There are 2 protein chains.
Amino acid sequence: MTEFLKVKTAPEVLSILDEIPPLPAETVLLEQAGGRALASDITAPESVPHFARATMDGFAVRARDTFGASESLPALLEIAGEVTMGVAAGGALESGRAFAIPTGGMLPGGADAVVMVEYTQVLDGKMIEVTRPVAPGENVLDIGDDIREGETIFEKGWRLRPQDVGVLAALGITGVSVFRRPRVAVISTGDEIVPVDTGTVPPGKVRDINTFALAAQIESAGAVAGLREKVPDTLEDLVATSLRALAGHDMVVLSGGSSVGARDYTVRVLERLPQSRLLVHGVAIRPGKPIILGLSGEKLFWGLPGQPASALITCRAFVVPSLERLQGRRAEWSRQSAFRAVLNRRMPSVHGRTDFIPVAIDRNVPGLPEALPIFGKSGAISLLARAEGYVIVPEHVEGYDRGTEVNVHLF
Amino acid sequence: MTEFLKVKTAPEVLSILDEIPPLPAETVLLEQAGGRALASDITAPESVPHFARATMDGFAVRARDTFGASESLPALLEIAGEVTMGVAAGGALESGRAFAIPTGGMLPGGADAVVMVEYTQVLDGKMIEVTRPVAPGENVLDIGDDIREGETIFEKGWRLRPQDVGVLAALGITGVSVFRRPRVAVISTGDEIVPVDTGTVPPGKVRDINTFALAAQIESAGAVAGLREKVPDTLEDLVATSLRALAGHDMVVLSGGSSVGARDYTVRVLERLPQSRLLVHGVAIRPGKPIILGLSGEKLFWGLPGQPASALITCRAFVVPSLERLQGRRAEWSRQSAFRAVLNRRMPSVHGRTDFIPVAIDRNVPGLPEALPIFGKSGAISLLARAEGYVIVPEHVEGYDRGTEVNVHLF
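All figures in this text were calculated on a predicted structure; none of them were measured in a lab. (Residues numbered from 1 in each chain as written. Chains lettered and ligands numbered in written order. Predicted model: local features only at pLDDT ≥ 70, side-chain atom pairs only at ≥ 80, totals over all residues.)

**Thoughts on the overall build of chain A**
And step 1. When helices and strands are counted, chain A shows 7 helices and 27 strands.
And step 2. The C-alpha atoms of chain A give 31 Å as radius of gyration, which overshoots the globular expectation for 411 residues (22 Å, by more than 25%).
And step 3. Referenced to the eigenvectors of the C-alpha coordinate spread, the extents of chain A come out at roughly 95 × 50 × 45 Å.
And step 4. Burial status across chain A gives 52% buried among its 411 residues.
And step 5. Contacts in chain A between residues at least 24 apart in sequence constitute 70% of all its contacts with a sequence separation of at least 6. (Helix = DSSP H or I, 4+ residues; strand = E, 2+ residues; numbered from the N terminus. Rg over C-alpha atoms; globule rule 2.2 N^0.38 Å. Buried ≥ 20, exposed ≤ 12 C-beta atoms within 10 Å, placed from the backbone. Contact = placed C-beta atoms within 7 Å.)

This is the structure in structure tokens:
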């Protein structure tokens, strides 16, 4: 048996990942930028809006002309014109006058507020009564009120959501510098693995789950799963396929070669790759202890356990953060998609080890949703399919009692 | 002004959407099935595993041969052979004997449990001492323990996650029947809208935000945004583009033509489309009241407000659920991505109206995260960019007090 030189804690692995440089940037069209991570800060090249706009339908006025106006003593203003949508207001507004204006219309010079149409009454088409005063700036989006020129809008590494794409459109930014999407080769191996389309699987064999499930997880993390291959469990085959994979990908994820069993090929494969360096050999995590991380030049080489549930969870625990890192983000277990729930059962763990425990969620309870730990026989893939998320028990915690509030990460 | 015939509540609109039939099914390869929604239930065509497997490295035994074994009085068993990974075990296990077996190895006939290697000691290579008893079935994944043949694994409409793809791979399902991805045409209009790449935007005009932001949101909901076009604000142009869009898409989303202002083109455009039917004309929601939903044949025609923040929120509130529905799912505001937070400020609302209120989230507090409502001047797109999610205030609630626990939906 290969001895683990120095098993690392899960947070130590994340720290190592944070030292890895991101991939180069590329420029994409704004219509393709959704979901991509920015390769540089974005500062506003102009102000939005670049003219004072009405935020309500009504009348553009000088606010002071309405001071003291009320139902019983309305202010009387002369209609001086009408603002047309999308057109610069014609002429300036003089005191005692008002311009009809639609939502989004440009305030005429001299106007500093908009009276909502609800608080006006048109008399004979020429005059209006204003029954409520407005303050300067009321119902007006002034120049730069939305975005100020020169303001930093988004920081490097930020992943663009639909509304962020909208902000870039508002600023006229049509090309966006983003980190290149990582290209990942997914390789699985193991004497017991047969192709997924095998008609009748012989006794002792199982179908190749990992190339499919890992590729799906890698793609859902915003990367591209390129090569996907089941490789015979021989050192020569694994080295040859890994070399081929390195040529066209930024990362190789090999599952099934790193068991502590009779053969521990993954490290030996890594040693045969150009400019190789072993960074991690074993992690104090359950499931999935025998995890290997190496570099070949600047390319990442992961060895994951072959058992599918362990492979998927360690992929989520480490490979996904490494993909985030390659896109200029922190390697972390995202807190954003996590939510609070109450454990409805004790969740045992062991000091010094990080546990990823699948849970089902019951929302039909008063208060916080309940998290039901799914314990099952090791090796069952259906266990993950029954889970809605997982709870991370950190290495310094010896389990959680029933009733503890925990963070659930969605699967 | 067009009068709203009958403004509907937001839940009424969702009920209407639930009556719309899903798109036809198509069969995709398993490697493309991640994220897609199943067009039919999936039942297991075989059992997983289809042979009894060891879940630990150790020795396959007859459990009863270990009964009473302890450190001080170990059971003594003869090593009858070794199970090779991926190969049917050779010969049956007789009483008093054990087979060495790796994790995932096939149990030999006659064996019903596995003793972990940690609780054994090999003597002279021929015998082992077992220092702990095992129960029948211990450390064994029996036939069908993971998935039973004939069991319903996933229901129609279920969206496949990476682990679900793994389950299908385990079952040898290489082609998956899923609902076709909706193809959506995104059209924006408005006199004030200029193309996003306009160098210097004239006073009174603004760049086209909606085609970009709405398309990004539609794509992040698993649909395909095909045609994306800014159309001049004339009835003829809008009808011509909508007719063209209907030819190649399942849905048209038109923003900016449905204001209550001087022109209300969206309904008039709908009337000019073949086999058209108006389903919704106005929704009691803020932001975004002037929402229109119609059908042209079986194709959906949405009219959204032109103001970008309103367009994005109403798209999230209604268009995204309609895309879910077209993929065989319920039209609802997903609770799965929602999490609990505590309001750190009062959130006023009005009885009879559903409010979607953007919030920032502060997680650096003890207990539940805090939700900070982002109120800002209407029409600011940056308001949504500063939000991490939104809180839905239902129509029967007159706002929430500070300190109320609310559900936050991620944006």
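The discussion continues.
**Observations concerning the interface of chain B and chain A**
And step 1. At the junction of the two partners, chain B supplies 70 residues and chain A supplies 71 residues.
And step 2. Counting only elements with at least two residues in the side of chain B that touches chain A, the list comes to α2 (162–170), β16 (206–207), α3 (210–220), α6 (308–326), β23 (338–343) and α7 (382–385) of chain B.
And step 3. Among the elements that make up the side of chain B that touches chain A, the one with the highest residue count is α2 of chain B (8 residues).
And step 4. Among the residues forming the side of chain B that touches chain A, the class breakdown is 33 nonpolar, 18 polar and 19 charged. (Nonpolar A, V, L, I, M, F, W, Y, C, P; charged D, E, K, R; others polar.)

**A closer look at the sheet that holds strand β9 (residues 120–123) of chain B**
Residue and element names in this part refer to chain B.
And step 1. Read from one edge to the other, the open sheet built from 6 strands follows the order β8-β5-β7-β6-β10-β9, with strand pairing classed as mixed. Looking at the sheet topology across the chains shown, the edges are occupied by β8 (113–116) and β9. When strand polarity is set aside, the average angle formed by the axes of neighbouring strands in this sheet is 40°.
And step 2. The sheet contact formed by β9 and strand β10 (residues 127–130) spans 4 bridges and is antiparallel. The residue bridging V122 from the neighbouring strand is I128, located in β10. (Pairing = 2+ DSSP bridges. Axes fitted to C-alpha atoms, helices over the stretch in contact; angles between N-to-C directions.)

**A look at the domain arrangement of chain A**
And step 1. Segmenting chain A into domains produces domain 1 (8–24 + 181–326), domain 2 (27–43 + 155–179), domain 3 (53–141) and domain 4 (338–410).
And step 2. Centre-to-centre separation of domain 2 of chain A and domain 4 of chain A, based on C-alpha positions: 36 Å. (Domains from an automatic or database assignment.)

**Some thoughts on the relation of the copies chain B and chain A**
And step 1. Mapping chain B onto chain A leaves a residual RMSD of 0.0 Å; the transformation is a rotation of 180° accompanied by 0.0 Å of translation along its axis. Taken together, the rotation and translation relating the two chain copies correspond to the operation of a two-fold axis. Minimal C-alpha distance to the rotation axis in chain B is attained by F339 of chain B, lying at 2.5 Å.
And step 2. Interface overlap between copies: 100% of the residues of chain B at the interface are likewise at the interface in chain A, consistent with a symmetric, same-surface contact. (Least-squares fit on C-alpha atoms with pLDDT ≥ 70 in both.)

**Points about unusual backbone geometry**
Comment: phi is negative for the bulk of residues other than glycine, and the bulk of peptide bonds are trans.
And step 1. That bond from R286 of chain A to P287 of chain A is cis: its omega, 0°, falls within 30 degrees of zero.
And step 2. If you trace the backbone, P287 of chain A turns up in the loop between β20 (283–286) and β21 (292–296).
And step 3. In this structure, D124 of chain B takes a positive phi of about 45° despite not being glycine.
And step 4. Counting through the fold element by element, D124 of chain B comes out in the loop between β9 and β10.
And step 5. With phi around 60°, N139 of chain B is a residue other than glycine that occupies positive phi space.
And step 6. With respect to the secondary-structure elements, N139 of chain B resides in the loop between β10 and β11 (140–141).

**Remarks on the nonpolar core**
And step 1. Counting 244 residues, the largest nonpolar core has A60, V253 and W302 of chain A together with A60, V253 and W302 of chain B as its most contacted members.
And step 2. With near-sequence residues (within four places) excluded, V253 of chain B lies in contact with V184, V186, I187, L214, W302, L304 and V319 of chain B. (Core = buried A, V, L, I, M, F, W, Y, C linked by C-beta atoms within 7 Å.)

**Some details on the sheet that holds strand β17 (residues 224–231) of chain A**
All names here are of chain A.
And step 1. One open sheet accounts for 6 strands, arranged β17-β14-β18-β22-β21-β19; its pairing is mixed. Either end of the sheet is taken by a strand with one partner, and the two such strands are β17 and β19 (276–281). Between one strand and the next, the sheet's axes are offset by a mean angle of 20°, whatever the strand orientation.
And step 2. Pairing analysis gives 5 bridges linking β19 to β21, with the strands arranged antiparallel. Looking at the pairing, H281 lines up with I292 of β21.
And step 3. Along the sheet, helix α6 (residues 308–326) makes contact with β18 (251–255) and β22 (299–304), crossing β22 at roughly 165°.

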